[in-house]
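So you can see what is in the structure, the chains are spelled out below.
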Amino acid sequence: MRPNRREFLGGALALAAPAVLRGEEPKSKSKPVALGIVEYSLGRRFRGARPPGPGMASPDPVAFLDACHSLGAGGMQLNLGVRDADAAGKLRAKAEEYGMFVEGIASLPREDRDVDRFRDALRTAKVCGARVVRTGALSGRRYETFDSLAAFREFADRAHKSIERAIPVAEKLGIRLAIENHKDWRVDDFVALLKKFESEYFGVTLDFGNNLALLDDPMELVSALLPRTFATHVKDMGVEEYRDGFLLSEVPLGAGILDLPAIVKSIRSAHPDVHFSLEMITRDPLKIPCLTPKYFATFPDLPARDLARTLAMVRARASSRPLPRVAGLSPGDALAREEQNVRESLAYARDRLGL
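From a predicted model like this one, the values you see are computed outputs, not experimental measurements.

S.K.: Would you explain the sheet that holds strand E5 (residues 176-180) in this entry?
M.R.: The pairing of strands in a sheet comes from backbone hydrogen bonds and takes either a parallel or an antiparallel form. As summarised here, the arrangement of the eight strands in space is E7-E6-E5-E4-E3-E2-E1-E10, forming an open sheet in which the pairing is parallel. The sheet is open, and its two edges are formed by strand E7 (229-233) and strand E10 (276-278), each paired on a single side. Across the sheet, the axes of successive neighbouring strands diverge by a mean angle of 30°, strand direction being ignored. Inspection of the sheet shows strand E3 (residues 101-105) paired to strand E4 (residues 132-135) by two bridges, in the parallel sense. Bridged to Gly104 within E4 is Val133. Along the sheet face, helix H13 (residues 331-352) touches strand E1 (35-38) and E10 and points at about 155° away from the line of E1.

Dropping the structure here:
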């Protein structure tokens, strides 16, 4: 049962250790492995046959932490919800026992009435040992969600208001809020967003591959967002041409087109304290219909050179093996594929990236 507000706000902080209130992470009994796992990487393991999607409940945090530990990961990024002091304390203790980091996920407060819920979610994350909470403005994809520039601008206005509500909460609690580049804003607009909301508690969950869908150059994206990077979604991307543009798919680390050693080195050099978390979603490839009129409905000024560069890259670096697909697989085979992809990625990160 959800704790009432007085019980949570009073009890959780009263029982929390001073280290929690300072925003410190769980103390490790041994040096932690750097690469954690984002909850969407194990969607089938915890949600059944369907891949993760809007409105689907997150796994139990302790069970998810146990799963990450069993796979050899060093931490987790998960929607922790709102929990009482006892539940939060048990999770923190388990993370300390394993020597693992915890990062949270929370949705922005869309309306004023959402602020209390958002505050409780961030407070829970902090008591659980997280110092960063990932958030996002758009749950879908810009080119699929909106049919006009006006519709996208309405979304952007609402998102800005949500961020305005969220930042004071993060600042007061002393926890970093990290918004993901989630196929919503192209790199220049994302940089403008960060300049508008300058706060030491508002930054980026840097997703390595998402902005390929918006025809951004991956290394230019990393360079632009690096100064405000608080958290990461580590992934590699495979590409393949199709009639209306190209297919884009998460693939096991090392099997795609991204220069992962260069990206990881850049982030480590700038932010030694930033954690790396694997987002390897096992699903059918996404269609990026960048040769259709609808795709450009919200991109009236997208430079032709960006389209040309991206398509040239796709043709030159198309995957030499089939992109991951789960359509037609039995639930058991899809689950096995998911775990194989995660294990391959963790092994590559350990052996080739030093994570």
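S.K.: Please clarify how helix H10 (residues 218-225) should be interpreted in this entry.
M.R.: In an α-helix there are 3.6 residues to a turn, and that puts residues three or four apart on one side. Every buried residue of H10 is accounted for by Pro218, Leu221, Val222 and Leu225. In a view along the axis of H10, the buried residues occupy a sector of 100°, so they form one face of it. Opposite the buried face of H10, by more than 90 degrees, sit the exposed residues Glu220 and Ser223. Structurally, H10 contributes buried residues whose contacts are with helix H9 (187-196), strand E6 (202-207), E7 and helix H11 (260-270). One side-chain oxygen at the N-terminal end of H10 lies 3.1 Å from the backbone nitrogen of Met219; it belongs to Asp217.

S.K.: Which parts of the structure should I look at to understand unusual backbone geometry?
M.R.: A positive phi angle, near 55°, is found at Lys183, a position not held by glycine. Considering the arrangement of structural elements, one finds Lys183 in the loop between E5 and H9. By relative accessible area, Lys183 is classed as buried at 5%.

S.K.: What am I meant to see in the packing of helix H6 (residues 115-127) against helix H8 (residues 149-173) here?
M.R.: A pair of packed helices is characterised by two quantities: the angle between their axes and the separation of those axes. One can describe the packing of H6 onto H8 by two numbers: an axis separation of 10 Å at closest approach and a directional angle of 35°. For the pair H6 and H8, the sense of crossing is right-handed. Between H6 and H8, the residues in contact are Val115, Phe118, Arg119, Leu122, Arg123 and Lys126 and Arg165, Ala166, Val169, Ala170 and Leu173, respectively. Here the contact of H6 with H8 is built from residues that sort into seven nonpolar, no polar and four charged.

S.K.: Explain the pattern of salt bridges here, please?
M.R.: Oppositely charged side chains can pair when the atoms bearing their charge come close. Tallied over the full model, the rule gives 21 salt bridges. In this structure, Arg141 and Glu144 form a salt bridge, with 3.0 Å as the shortest nitrogen-oxygen distance. Residue classification places Arg141 among the partly exposed residues on the basis of a relative accessible area of 22%. The shortest N-O distance in the salt bridge between Glu250 and Lys235 comes to 3.4 Å. Taken together, the positions of Glu250 in strand E9 (residues 245-251) and Lys235 in the loop between E7 and strand E8 (236-242) put the pair 15 residues apart, joining distant regions of the chain. Judged by relative accessible area, which is 2%, Lys235 ranks as buried.

S.K.: Before we go on, may I ask you to explain the packing of aromatic side chains in this structure?
M.R.: Aromatic ring pairs are reported here in terms of the distance separating the ring centres and the angle at which the planes meet. The full count for this structure, using the stated rule, is 10 aromatic pairs. Judged by centre distance (5.4 Å) and plane angle (55°), the ring pair of Phe46 and Phe64 falls under tilted. Highlighted residues: Phe46 in helix H3 (residues 43-47) and Phe64 in helix H4 (residues 61-70), separated in sequence by 18 residues. Judged by centre distance (6.1 Å) and plane angle (75°), the rings of Phe197 and Phe202 are edge-to-face. This pair shows no difference in class: Phe197 is buried, exactly as Phe202 is. Three or more aromatic residues joined by ring pairs form one cluster here, namely Phe146, Phe152, Phe155, Trp185 and Phe190. Sitting over the ring of Phe152, Arg142 keeps its end group 3.6 Å from the ring centre. One Lys or Arg, Arg176, reaches over the ring of Phe230 and ends 4.1 Å from the middle of that ring.

S.K.: Just to check I follow, could you spell out helix H5 (residues 85-98) for this structure?
M.R.: When the terminal C-alpha atoms of H5 are compared, their 20 Å separation across 14 residues agrees well with the 20 Å that a helix rising 1.5 Å per residue should span. Of all the residues in H5, the buried ones are Ala85, Ala88, Leu91, Arg92, Ala95 and Tyr98. One side of H5 holds all its buried residues, which, seen down the axis, span an arc of 165°. Trailing H5 by a residue or two, Gly99 shows a phi angle of about 70°, which is positive.

S.K.: Looking at this structure, how should I read the confidence of the model for the protein?
M.R.: The predicted structure's coordinates, where accompanied by low pLDDT, should not be read in detail. For the protein, per-residue confidence averages 89 on the pLDDT scale, and residues scoring 70 or more make up 88% of the total. Counting interchain partners and residues more than four positions distant, the pLDDT-below-50 stretch residues 1-23 has 37 contacts. Every residue in residues 27-32 scores below 50 in pLDDT, and together they form eight contacts with partners more than four places removed in sequence or on other chains.

S.K.: I would appreciate a short explanation of the packing of H9 against H10 in the present structure.
M.R.: Where H9 contacts H10, the two axes come as close as 10 Å, and the packing angle between them is 10°. Classified by the angle their axes make, H9 and H10 are roughly parallel. Where H9 abuts H10, its residues Val187, Phe190, Val191 and Leu194 lie against Glu220, Leu221, Ala224 and Leu225. Grouping the amino acids of the contact of H9 with H10 by side-chain chemistry returns seven nonpolar, no polar and one charged.

Reading guide: rules and limits
Residues numbered from 1 in each chain as written. Predicted model: local features only at pLDDT ≥ 70, side-chain atom pairs only at ≥ 80, totals over all residues. Heavy atoms only, no water. Pairing = 2+ DSSP bridges. Helix = DSSP H or I, 4+ residues; strand = E, 2+ residues; numbered from the N terminus. Axes fitted to C-alpha atoms, helices over the stretch in contact; angles between N-to-C directions. Contact = heavy atoms within 4.5 Å. Buried < 20%, exposed > 50% of the residue type's maximum accessible area, 1.4 Å probe, protein only. Arc of directions from axis to C-beta. Polar contact = N/O pair within 3.5 Å; in protein donor to acceptor, adjacent residues only side chain to side chain. Left-handed = near helix turned anticlockwise from the far one by under 90°. Nonpolar A, V, L, I, M, F, W, Y, C, P; charged D, E, K, R; others polar. Salt bridge = Lys/Arg side-chain N within 4 Å of Asp/Glu carboxyl O. Phe/Tyr/Trp six-rings, centres within 6.5 Å; stacked < 30°, edge-to-face > 60°. Lys NZ or Arg CZ within 6 Å of the ring centre and 35° of its normal. Expected span 1.5 Å × (residues − 1). pLDDT = per-residue confidence, 0-100. Parallel < 35°, antiparallel > 145°, perpendicular 65-115°, else oblique.

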